Amino acid sequence: MKKAIKLVMTFIFLATTGCALVHRKDIPEAASTPQAAETTAPATETNSMPATESTTLKKSIVDRDVKKNQEDTELKKRVVILPFIDKQSVRDLTILKNSRDAFMDSLNATNELIAIDSGVLKLDLNKYIKDNMYDLKAIAKDSHNAGISSILEGRIIDIRFKDENLISVDNSSSLKSRKVAFEIVVQARMFNVRSEQELFNTVKTVSITEDNSKIPENISSENFFNRNPELTELLIKDAFSDFNAKLVDSLKFIVWEGRIAALQGEKIYLNVGQISGVQMGDILKVVDDANEIYDTELGYHVGKVAGRVKGTLEVVGYFGQDGAISVIHSGAGFKENDRVELYQ
């Protein structure tokens with residue numbers, strides 16, 4: 001999928017092969033009413049170049065009612081967002097972390113799921129990386145008791161000039177320039193923890209052009225993006241935000257679930273609460289984990305079948321950031337890490 005995004009930029013050409021960049025990306029108008037203001041930035045000047053033309057900056061502010069989101073009644077599935085991987089291993093780790101955090105924020109802003117940090121897995125994720133990719137099936141298998149629905153990997157495959165292969169790069173200090181045209185290739189993969197099956201796997205190529213700005217013709221993309229880390233981060237953030245709608249759709253095919261966190265007397269504490277969409281009076285069923293069926297004649301695993309229903313719980317309160325307090329409604333034999341689902 002290709003996308004064109006208008007960038008308003010001021011470039012300062014230096015008498016070397018490098019260049020510096022000041023950039024600004026238009027923010028799309030949100031559903032809520034933004035407060036807008038326009039500010040005119042003065043022209044900048046260098047000793048070797050004439051002053052650039054003034055640039056109009058547009059400011060947009062959007063408020064999100066967090067309290068309203070927490071009171072939403074729709075059940076939300078928990079998705080762990082793993083640290084981003086750079087296929088070429090040349091991006092700064094801070095850029096990758098900031099981009100991953102922004103991606104989590106954008107997913108949570110959809111109010112359709114809960115994106116959480118990979119720290120909840122309590123796993124050494126470096127052990128699961130092979131050929132610059134996570135072994136998502138192995139991570140899912142080792143995360144059955146983490147109380148999450150899915151795990152998601154984000155990879156930066158390439159960031160380059162769109163016409164990279166058509167340009168002859170030399171080391172001269174030429175001030176010849178060309179139009180701004182960037183291309184970023186990213187990938188998102190998501191696995192369901194319970195089934196250990198892939199839910200989503202898409203490679204996205206995003207093209208960004210700006211006809212009114214130019215960059216030196218003789219600079220390589222690697223050199224350019226190394227000198228402009230803020231632009232690199234902005235491009236990564238923008239590319240991954242385009243995955244949101246399809247990721248949300250992919251989660252509709254799996255069952256919402258939580259876990260029993262602790263049992264104390266008559267009270268049973270759950271790791272899902274009001275933020276996850278659990279409401280006072282909800283009846284949740286407690287089920288064993290799925291059973292693996294093995295065909296002894298053929299000698300392989302046929303698949304998993306749903307676990308036995310142990311009984312039901314009634315939600316009577318909340319605790320902590322996103323936990324619920326319940327009491328036994330029916331059944332017995334409940335224990336920590338038992339799975340809970342909405343009773344229908």
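The structure we're discussing is the one just above.
Residues numbered from 1 in each chain as written. Predicted model: local features only at pLDDT ≥ 70, side-chain atom pairs only at ≥ 80, totals over all residues. Heavy atoms only, no water.

Caption draft 1: Structural context of unusual backbone geometry. The backbone of K122 sits at a positive phi, close to 55 degrees, despite the residue not being glycine. By the element assignment, K122 lies in the loop between β7 (113–117) and β8 (129–130). The backbone phi angle of D131 is positive, close to 55 degrees, even though this residue is not glycine. With respect to the helices, strands and loops of the structure, D131 is situated in the loop between β8 and β9 (133–134). (Helix = DSSP H or I, 4+ residues; strand = E, 2+ residues; numbered from the N terminus.)

Caption draft 2: Looking closely at empty space enclosed by the protein. Under the defined criterion, the tally for this structure stands at one cavity of 30 Å³ or more. Every residue along the wall of the largest cavity is listed here: S143, H144, A146, G147, I148, S149, N192, V193, R194, E257 and R259. Considered class by class, the residues forming the lining of the largest cavity number three nonpolar, five polar and three charged. (1 Å grid on protein atoms, 1.4 Å probe; cavity = no way out; pocket = protein on both sides within 12 Å on 5 of 7 lines; lining within 4 Å. Points joined across faces, edges and corners; volume = space filled by probe spheres on them. Nonpolar A, V, L, I, M, F, W, Y, C, P; charged D, E, K, R; others polar.)

Caption draft 3: Just the environment of G307, in detail. In this structure, G307 sits in the loop between β17 (300–305) and β18 (309–319). Residue classification places G307 among the buried residues on the basis of a relative accessible area of 12%. For the pair G307 and D288, spaced 19 residues apart in sequence, the C-alpha to C-alpha distance is 4.5 Å. (Buried < 20%, exposed > 50% of the residue type's maximum accessible area, 1.4 Å probe, protein only.)

Caption draft 4: Representation of the sheet that holds strand β20 (residues 339–342). With respect to topology, six strands assemble into a closed barrel ordered β13-β14-β19-β18-β15-β20, the strand pairing being antiparallel. Mean inter-strand twist for the sheet, computed between neighbouring axes without regard to direction, equals 45 degrees. Bridging between strand β15 (residues 283–287) and β20 involves four bridges; their strand directions are antiparallel. By the bridge assignment for β20, K285 is matched with E341. (Pairing = 2+ DSSP bridges. Axes fitted to C-alpha atoms, helices over the stretch in contact; angles between N-to-C directions.)

Caption draft 5: Up close: the packing of aromatic side chains. For the structure on display, the rule yields twelve aromatic pairs. Lying across the ring of F243, K204 places its NZ or CZ 5.0 Å from the centre. (Phe/Tyr/Trp six-rings, centres within 6.5 Å; stacked < 30°, edge-to-face > 60°. Lys NZ or Arg CZ within 6 Å of the ring centre and 35° of its normal.)

Caption draft 6: Broad picture of the pairing of β15. When β15 meets β18, the two strands line up antiparallel, connected through five bridges. Following the sheet pairing, K285 is matched in β18 by T312.

Caption draft 7: Representation of the pattern of salt bridges within the structure. Within this structure, the stated rule accounts for 20 salt bridges. A salt bridge links R339 to E257, with the nearest nitrogen and oxygen atoms 3.9 Å apart. Of this pair, R339 sits in strand β20 while E257 sits in the loop between α6 (244–250) and β13 (258–264), placing them 82 residues apart in sequence. Classification of R339 as buried rests on a relative accessible area of 2%. Using a relative accessible area of 9% as the deciding quantity, one classes E257 as buried. What you see here is one network of salt bridges that share partners, running through R194, E257, K285, R339 and E341. (Salt bridge = Lys/Arg side-chain N within 4 Å of Asp/Glu carboxyl O.)

Caption draft 8: Representation of the packing of helix α2 (residues 93–109) against helix α5 (residues 229–241) in the model. Axis separation between α2 and α5 bottoms out at 9 Å; the angle between their running directions is 35 degrees. Crossing angle aside, the handedness with which α2 passes α5 is right-handed. Of the residues in α5, those in contact with I95, N98, S99, A102 and F103 of α2 are P229, T232, E233, I236, K237, F240 and S241. Within the contact of α2 with α5, the residues separate by chemical class into six nonpolar, four polar and two charged. (Left-handed = near helix turned anticlockwise from the far one by under 90°. Contact = heavy atoms within 4.5 Å.)

Caption draft 9: Just the side chain of D282, in detail. For D282, the location among the structural elements is in the loop between β14 (267–270) and β15. One buried charged side chain, D282, makes no salt bridge at all; its nearest oppositely charged neighbour is K76, positioned 11 Å away. Aside from chain neighbours lying at most four places away, what touches D282 is G277, L313, E314 and V315. (Lys, Arg positive; Asp, Glu negative; His and termini not counted.)

Caption draft 10: Highlighting α5. The end-to-end C-alpha separation of α5 is 19 Å, in line with the 18 Å expected for 13 residues at 1.5 Å each. Residues L231, T232, E233, L235, I236, D238, A239 and F240 constitute the buried set of α5. (Expected span 1.5 Å × (residues − 1).)

Caption draft 11: Representation of the pairing of strand β19 (residues 323–331) in the model. Sheet analysis places β14 next to β19, joined by four bridges and oriented antiparallel. Within β19, the residue paired with I268 across the bridge is S326. For β18 and β19, the ladder comprises eight bridges, and the chain directions are antiparallel. If you follow G317 over to β19, its bridge partner there is I325. Between β18 and β19, which follow one another and run antiparallel, lie three residues, and G320 among them has a positive phi close to 60 degrees.

Caption draft 12: Molecular detail of the environment of F240. Take F240: it is sitting in helix α5. Separated by 34 residues in sequence, F240 and V206 have C-alpha atoms that sit 9.7 Å apart. What F240 contacts, discounting residues up to four positions off in sequence, is F84, F103, G154, R155, I156, V186 and Q187.

Caption draft 13: Looking closely at the environment of K246. By the secondary structure assignment, K246 is in helix α6. Using a relative accessible area of 51% as the deciding quantity, one classes K246 as exposed. Through-space distance from the C-alpha of K246 to that of T202 is 9.6 Å; in sequence the pair is 44 residues apart.

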